[in-house]
Amino acid sequence: MANRIGMAAQLAGQSLRFGWYFTLNRLLDWRSEQLGKGQRYRPSGPVPSLGDLLASQAELLMSDALAVRDGLYPPMGDDATPPLRHLARVGRMFADLPGALSRRAANDAKSVHDEPAAAELPAYYAQDFHFQTGGYLSEGSATLYDIQVETLFMGAAGPMRRAALAPLAEVLSGRDQRRLTLLDVACGTGRFLRQVRLAYPALQLKGLDLSRAYLEEARRHLGELRAIEWIEAAAERMPLGDASVDVVTSIFLFHELPPEIRRAATAEIARVLRPGGLFVFLDSLQLGDKAEWDGLLESFPYRFHEPYYQGYLSDALEPMFEAHGLKPGLTSTPFLAKLMVCHKALPEMN
Ligand SMILES: C[S@@+](CC[C@H](N)C(=O)[O-])C[C@H]1O[C@@H](n2cnc3c(N)ncnc32)[C@H](O)[C@@H]1O
């Protein structure tokens, strides 16, 4: 009974959330048109209609609610940002739009260079991803990121991330979670870690990211919950011991890495995982995953600065994971995401 109430609460909350972000999405599109800086890219592949997208999103929200009903994890709840702060951030997102559109029109992704930290970070990273003001390095960007992403995905970014919760039960249920560690690589502002913490209160959690500003926003966001270890470091050089982690998750990171860094990060994930451990990967769809949507994927890097996305779209991820001892198992495609669950092999017995 409790789970059915949880499911109903989840569906009601998600419907309201969808309505809000759908409205913001339409308003932002309308404002962009008004500002007249939109360049239209005409993709060669097929593009889904708004109806196709909404139907797929409804499927995602329903499977999230069914997981709540089945007791796999708790409802999403609110996102812990007080309403007035949320509204202030919405206002700032609209205020930031003209600058971001001007940079897009000029193909200029260098506002991040005004941030002092940029000089110490790798060049592939010190760019304005998505044409965000300050790239990933300013406090302003860290506090706008989630509203921007949820507006883009019509409220589905959180539910897509939550699809990565389901496979965790495989390793965690029935075990003493105080003795198990989960590492979220490129945790950003900690939205996924908050969901993990609510589902697994005793688990040892680590969040790693290259952005100090994003880690600070994550710390604020999870403030009242049991402590998490925050690590400011690169995914391709993690300050963690070999075989020291039971579960690694990585969400919306790989499409932002150049191919050689993608491979170095995979090697690091395999190194820090215990044999038998789980790697849960969630990122953008790739070409052919939903072939009738390929045109939408093609156009994405033209609308948002994503310098490595094109290469990501056809990178052979499964062989890459396999080459590092991470055996891909279950794969699914919740809405615009691709979820892949990999196991690190146990040593062979003689
Ligand atoms: C698209 S965001 C995704 C963040 C978060 N996982 C989420 O679901 O919202 C990409 C994140 O990857 C981080 N990042 C990019 N390259 C990185 C690297 N080489 N090492 C660590 N973090 C990195 C960025 O700072 C940013 O927080």
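Parameters at a glance
Residues numbered from 1 in each chain as written. Predicted model: local features only at pLDDT ≥ 70, side-chain atom pairs only at ≥ 80, totals over all residues. Heavy atoms only, no water. Core = buried A, V, L, I, M, F, W, Y, C linked by side-chain atoms within 4.5 Å. Buried < 20%, exposed > 50% of the residue type's maximum accessible area, 1.4 Å probe, protein only. Helix = DSSP H or I, 4+ residues; strand = E, 2+ residues; numbered from the N terminus. Contact = heavy atoms within 4.5 Å. Near = heavy atom within 4 Å. Polar contact = N/O pair within 3.5 Å; in protein donor to acceptor, adjacent residues only side chain to side chain. Areas by Shrake-Rupley, 256 points an atom, 1.4 Å probe, with all protein chains shown as cover. Nonpolar A, V, L, I, M, F, W, Y, C, P; charged D, E, K, R; others polar. 1 Å grid on protein atoms, 1.4 Å probe; cavity = no way out; pocket = protein on both sides within 12 Å on 5 of 7 lines; lining within 4 Å. Points joined across faces, edges and corners; volume = space filled by probe spheres on them. Pairing = 2+ DSSP bridges. Axes fitted to C-alpha atoms, helices over the stretch in contact; angles between N-to-C directions. Parallel < 35°, antiparallel > 145°, perpendicular 65-115°, else oblique. Salt bridge = Lys/Arg side-chain N within 4 Å of Asp/Glu carboxyl O.

Q: Hey, could you run me through the nonpolar core in this one?
A: Soluble globular proteins tend to bury their nonpolar side chains together. If you look at the biggest cluster of nonpolar residues, it comprises 95 residues, and the most contacted ones within it are L168, F279 and F321. With six residues, strand β5 (residues 273-284) is the largest single contributor of residues to this core. Apart from residues no more than four positions distant in its own chain, F321 is found in contact with F254, T266, F279, F281, L326, P328, M340 and C342. One finds L28, M93, L97 and L144 within the second-largest nonpolar core, a separate group that totals nine residues.

Q: Honestly, the site of the ligand in this entry has me stumped. Any pointers?
A: Among the 21 residues in the neighbourhood of the ligand, the closest are listed as Y124, Y125, R161, A186 and D209. Contacts to the ligand include A186, whose backbone N or O atom sits 2.7 Å from a nitrogen atom. In this structure, a nitrogen atom belonging to the ligand sits 2.8 Å away from a main-chain N or O atom of A235. Calculation on the ligand without its partners gives an accessible area of 590 Å², and the protein chains cover 98% of this total. Its residues placed into classes, the shell around the ligand shows 15 nonpolar, two polar and four charged.

Q: When you look at empty space enclosed by the protein in this model, what are you seeing that I'm missing?
A: Unoccupied space between atoms shows up once a probe the size of one water molecule is rolled over them. This model, assessed by the stated rule, comprises two cavities of 30 Å³ or more. Size it by volume and the largest cavity reaches roughly 410 Å³. Lining the largest cavity we find 28 residues, and of these A186, G188, D209, F252 and L253 sit closest to its centre. Looking at side-chain class alone, the lining of the largest cavity contains 18 nonpolar, three polar and seven charged residues. Within the residue set of the lining of the second largest cavity, elements represented by two or more residues are α1 (2-35), α3 (83-105), α4 (139-152), α5 (157-162) and α7 (191-199).

Q: Would you mind showing me how to read the sheet that holds strand β4 (residues 245-251) here?
A: Adjacent strands of a sheet form backbone hydrogen bonds with each other and so pair up, either parallel or antiparallel. Spatially, seven strands are ordered β3-β2-β1-β4-β5-β7-β6 in an open sheet, and the strand pairing comes out mixed. Of all the strands in the sheet, the pair left with one neighbour each is β3 (229-232) and β6 (326-332). Strand-to-strand, the axes of this sheet are offset by a mean angle of 20°, without reference to chain direction. With six bridges joining them, β4 and β5 adopt parallel strand pairing. Across the sheet, residue S250 finds its bridge partner in β5, namely F281.

Q: Got a minute to help me understand the packing of α3 against α4 in this structure?
A: For any two helices packed against each other, one specifies the inter-axial angle together with the distance between the axes. Their axes nearest at 9 Å, the elements α3 and α4 cross at an angle of 90°. Here α3 is positioned roughly perpendicular relative to α4, judged by the angle of their axes. The segment α3 lies against α4, with H86, R89, V90, R92, M93 and D96 engaging G140, T143, L144, I147, Q148 and T151.

Q: It is not clear to me how the pattern of salt bridges should be interpreted in this structure. Could you clarify?
A: Pairing between side chains of opposite charge can happen when the charged atoms of each approach one another. This model, assessed by the stated rule, comprises 23 salt bridges. R17 serves as the salt-bridge partner of E150, at 2.8 Å between the closest nitrogen and oxygen. With E150 in helix α4 and R17 in helix α1, this pair connects stretches of sequence that are 133 residues apart. The same class applies to E150 and to R17, which are both buried.

Taken by themselves, the reported measurements are silent on function.
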